[in-house]
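Per-entry structural report
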Amino acid sequence: MSTAMRQLVHGRRDDVAAPWQRTAAGSNLLGDDGGLGVTIFEEMTTLAARTGAINLGQGFPDEDGPAEIAAAAMDAIRNGANQYAPGKGTLTLRTAVAHHQERFYGLTPDPETDIIVTTGATEALAATLLALTGPGDEVLTFEPFYDSYGAIIGLSGARHTTAPLLAPDFQPNLDALEAAFSERTRMVVVNNPHNPMGSVFSRDALTRIVELAHRYNALIVTDEVYEHLTFDVPHIPIATLPGAAERTLTISSAGKTFSFTGWKVGWLSGPADLVAAVRTVKQFLTYSSGAPFQDAVALGLGLPDSFYTGIASALKAKRDLLSSGLRQAGFDVFTPQGTYFVNVDTAPLGFADSLDLARRMPEQIGVAAIPVPVFCHPDGARRTRSLLRFAFCKKTEVLQDAAQRLASLQKGA
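Residues numbered from 1 in each chain as written. Predicted model: local features only at pLDDT ≥ 70, side-chain atom pairs only at ≥ 80, totals over all residues. Heavy atoms only, no water.

**Quick notes on the sheet that holds strand S8 (residues 266-269)**
Taken together, the seven strands give an open sheet; going across it, the order is S2-S8-S7-S6-S5-S3-S4, and neighbouring strands pair in mixed fashion. Of all the strands in the sheet, just strand S2 (115-118) and strand S4 (159-164) have a single pairing partner and so form its edges. For this sheet, the mean inter-axis angle between neighbouring strands, taken without regard to orientation, is 20°. Alignment of strand S5 (residues 185-191) against strand S6 (residues 219-223), held across five bridges, turns out to be parallel. (Pairing = 2+ DSSP bridges. Helix = DSSP H or I, 4+ residues; strand = E, 2+ residues; numbered from the N terminus. Axes fitted to C-alpha atoms, helices over the stretch in contact; angles between N-to-C directions.)

Right, here's the structure in full:
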């Protein structure tokens, strides 16, 4: 590579990382030699496709969501809703989000000023971090953390700090949480219900987060995409707690609740001044997206309570089915309180390195999963070295087949 080309790719100065390098490093994709890897999701999905393995790695359902929502999107396409939606989203969807927040949580955001529609929750998080953090700031997340957090924090130029979630319940340790805050903490990202660990944070933990955010004058950003997928425990939006609303941006999306992950329709709500700041950045990322899907999602948000209780109940049954198979296989299983995911410790079967095991399982037994250490910084990766995550948002017969295959895993092989 010529010197000129190297400068274009890597940046003008050897001591300054290019934005793509900060992004890759933040998501554990940058090797020690500067080489660029692929995400663990791409790696495991490719392995599953090549070997014909059951893919319990990436968290997407293998069946569509409610027919009436899909029909509404098709009607919208036929009726001409195929051009740009308003930059902040259709008024129909923004109003539906406002009604949803009031119906379930007693929050009352103004659809004109306090809500924007985004290209999934990922864009909402990216626009928020890019709008409100930068060099000199610290952004605190819980660890393990969803990989896009590290990527966007790296891109923003802020420093990524973490507070650990420890087995067996993966709740925040309040002393460690307090120690993770500093005078530079600009933002704390609260992923609740938590991916990848499946925990639903307690009221005490959420209250402590609010107290610390006040002490250090930090913003709170919540990723609540699994808000309706909890099992026998309530989801408590942090914005509902005393003193939280004025410093909290709440993010969610349609993908997980309605099983339409490919539509990429998300939303963000909070104080008007913070929402305006995020919208300033968001409008130069995608401007708008998913016009025919937005009013269809609005219809979904108005579905009766029986729909919401039904999806959680059905998913809980799938959790229990896969968990039973994992226990029979000899794993130590951590029962999740929410999300699509169940985590196991592979050590009881003699496997100390879950990344190595994950790379061998598709070929050996025909099942793909995700090693938890990829969601961590080096210290966290060592702490979670033997943990493996499985997705149970699949058809019952697929989970039954996967459980049988997992039972064939040879101890220590």
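**Some remarks on the packing of aromatic side chains**
Tallied over the full model, the rule gives 18 aromatic pairs. Ring centres of tyrosine 146 and tyrosine 149 lie 5.9 Å apart, and the angle between their planes is 80°; on these two criteria the pair is classed as edge-to-face. You can call tyrosine 146 partly exposed: its relative accessible area is 25%. By relative accessible area, tyrosine 149 is classed as buried at 3%. (Phe/Tyr/Trp six-rings, centres within 6.5 Å; stacked < 30°, edge-to-face > 60°. Buried < 20%, exposed > 50% of the residue type's maximum accessible area, 1.4 Å probe, protein only.)

**Let's talk about the confidence of the model for the chain**
Of all residues in the chain, 95% have pLDDT values of 70 or greater, and the mean over the chain is 94. Predicted confidence for residues 1-9 stays below pLDDT 50, and this span has five contacts to residues more than four positions away or in other chains. (pLDDT = per-residue confidence, 0-100. Contact = heavy atoms within 4.5 Å.)

**Here we look at the pattern of salt bridges**
Where charged atoms from two side chains of opposite charge come close, those side chains can pair. Taken as a whole, this structure holds 19 salt bridges when the rule is applied. For the salt bridge of arginine 103 with aspartate 305, the shortest nitrogen-to-oxygen distance reads 2.6 Å. On the criterion of sequence distance, the pair formed by arginine 103 in helix H5 (residues 91-105) and aspartate 305 in helix H13 (residues 305-329) is long-range, its members being 202 residues apart. On the basis of relative accessible area, arginine 103 is assigned to the partly exposed category, the value being 35%. Owing to a relative accessible area of 47%, aspartate 305 belongs among the partly exposed residues under this scheme. Ionic contacts of the salt-bridge type, sharing partners, join the residues Glu178, Arg208, Glu211 and Arg215 into one network. (Salt bridge = Lys/Arg side-chain N within 4 Å of Asp/Glu carboxyl O.)

**Focus on the sheet that holds strand S9 (residues 332-334)**
Spatially, the four strands line up as an open sheet ordered S9-S10-S13-S12, and their pairing is antiparallel. At either margin of the open sheet sits one strand with a lone partner, and together these are S9 and strand S12 (370-371). Inspection of the sheet shows S12 paired to strand S13 (residues 387-391) by two bridges, in the antiparallel sense. Bridging from a neighbouring strand, proline 371 pairs with leucine 388 of S13.

**Points about H5**
When the terminal C-alpha atoms of H5 are compared, their 21 Å separation across 15 residues agrees well with the 21 Å that a helix rising 1.5 Å per residue should span. Along H5, the positions that sit buried rather than exposed are Leu93, Arg94, Ala96, Val97, Ala98, His100, Gln101 and Tyr105. Summarising the contacts, the buried residues of H5 are in contact with S2, strand S7 (248-253), S8, helix H12 (291-301) and H13. Once H5 ends, the next one or two residues include glycine 106, with phi positive near 75°. (Expected span 1.5 Å × (residues − 1).)

**A few points about the pairing of strand S3 (residues 138-143)**
Burial of S3 is extensive: six of the six residues sit out of reach of the surface. Pairing of S3 with S4, which is carried by six bridges, proceeds in the parallel orientation. Bridge pairing in S4 places threonine 141 opposite threonine 162. Crossover connection from S3 via helix H7 (residues 147-156) to parallel S4: handedness right-handed. Sheet topology note: the S3/S5 ladder contains four bridges and is parallel. Each bridged residue has a counterpart across the sheet, and for glutamate 138 the counterpart in S5 is threonine 185. (Right-handed = clockwise from strand over helix to strand, strands pointing away.)

**Topic: unusual backbone geometry**
That bond from glutamate 143 to proline 144 is cis: its omega, 5°, falls within 30 degrees of zero. Note on placement: proline 144 falls in the loop between S3 and H7. With omega at 5°, the peptide bond leading from alanine 167 into proline 168 counts as cis. Counting through the fold element by element, proline 168 comes out in the loop between S4 and helix H8 (174-180). Here the phi dihedral of phenylalanine 170 falls at roughly 55°; this positive angle occurs in a residue that is not glycine. Tracing the sequence through the fold places phenylalanine 170 in the loop between S4 and H8. Phenylalanine 170 sits in the buried class, given a relative accessible area of 3%. Although it is not a glycine, lysine 264 adopts a positive phi angle of roughly 55°.

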